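Understanding the architecture of this molecule
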Amino acid sequence: MSDFAGVPTPDKHDENFWTAVSNLVEPPWREPTQDDAFTMDEGVHDAVRALAERISTRALAYRAAGKSFDPGLLAAPDVQLALLRALYEAKQSVDRLAESAATVAGRSGANYAQLGAAWGGIKRQSARLKWPHAVVRKSASESIPLHYAGGTAVVHHDADTDAWWYTATAADQQEKESEPVHGTYAEAIAGATEFLLAHTLPDRQSPTPGA
């Protein structure tokens, strides 16, 4: 039997949807295959190369001259340094997204052992040091900011109604404060995530030759 055969799959409008979402599925993932890893490498390389070509001095010079950037120019050491700088930015993005994922998982029921297992098998203590605010046991009302899609959201617990609500500022500077109507932390963060995704910055246009 497959690992996912017993996983409930209710639709979002079903009565038990948020109950199902709040229950952690074990195992949470299957191990990536070599093909999965190669596909990830390709996706990361495409994103990083696009950034490198936007910041490379040589690439900027070609665009200023109204010329296209030939792939052969990637062999230039300065372009490779621009690629390395872009890879550093990719690492920063991964760290930010990992912190958000760990915090959502931790605040929704995952423990540090599970977070460490997901992060390449690091020990529980290392996961706690890496994401000290991900799993909070002292107070259910503690509010922790999450960064997603260029925006920020903070999920709060309303003790009077025993419900969750959120405040969010999206990448386009739109703001929203929800009512305390969410039954779980997971439901509130899902609402905040939907808002942030709906208000991302528009795609930047590629530089035009000679611009």
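Structure: above.
All of these numbers come straight from a predicted model, not from anything done at the bench. (Residues numbered from 1 in each chain as written. Predicted model: local features only at pLDDT ≥ 70, side-chain atom pairs only at ≥ 80, totals over all residues. Heavy atoms only, no water.)

Structural notes on the pairing of strand β2 (residues 151-158)
Most of β2 is tucked away: seven of the eight residues are buried. Bridge analysis of β2 against strand β3 (residues 163-169) gives seven bridges, and the strand direction is antiparallel. Along β3, the bridge assignment pairs T152 with T169. Hairpin connection, β2 to β3: the antiparallel pair is bridged by four residues, and D162 has positive phi, about 50°. (Buried < 20%, exposed > 50% of the residue type's maximum accessible area, 1.4 Å probe, protein only. Helix = DSSP H or I, 4+ residues; strand = E, 2+ residues; numbered from the N terminus. Pairing = 2+ DSSP bridges.)

Concerning helix α4 (residues 77-107)
If you check α4, its first and last C-alpha atoms are 45 Å apart, about what 31 residues at 1.5 Å a residue would give, namely 45 Å. Those residues of α4 lying buried are V79, A82, L83, A86, A98, S100, A102, T103, G106 and R107. G109 sits one or two residues past α4 and shows a positive phi near 130°. (Expected span 1.5 Å × (residues − 1).)

A word on the environment of L129
You can see L129 is positioned in helix α6 (residues 124-130). The class for L129 is exposed, based on a relative accessible area of 72%. Each C-alpha atom, one on L129 and one on Y112, is 9.8 Å from the other, the two residues being 17 residues apart in sequence.

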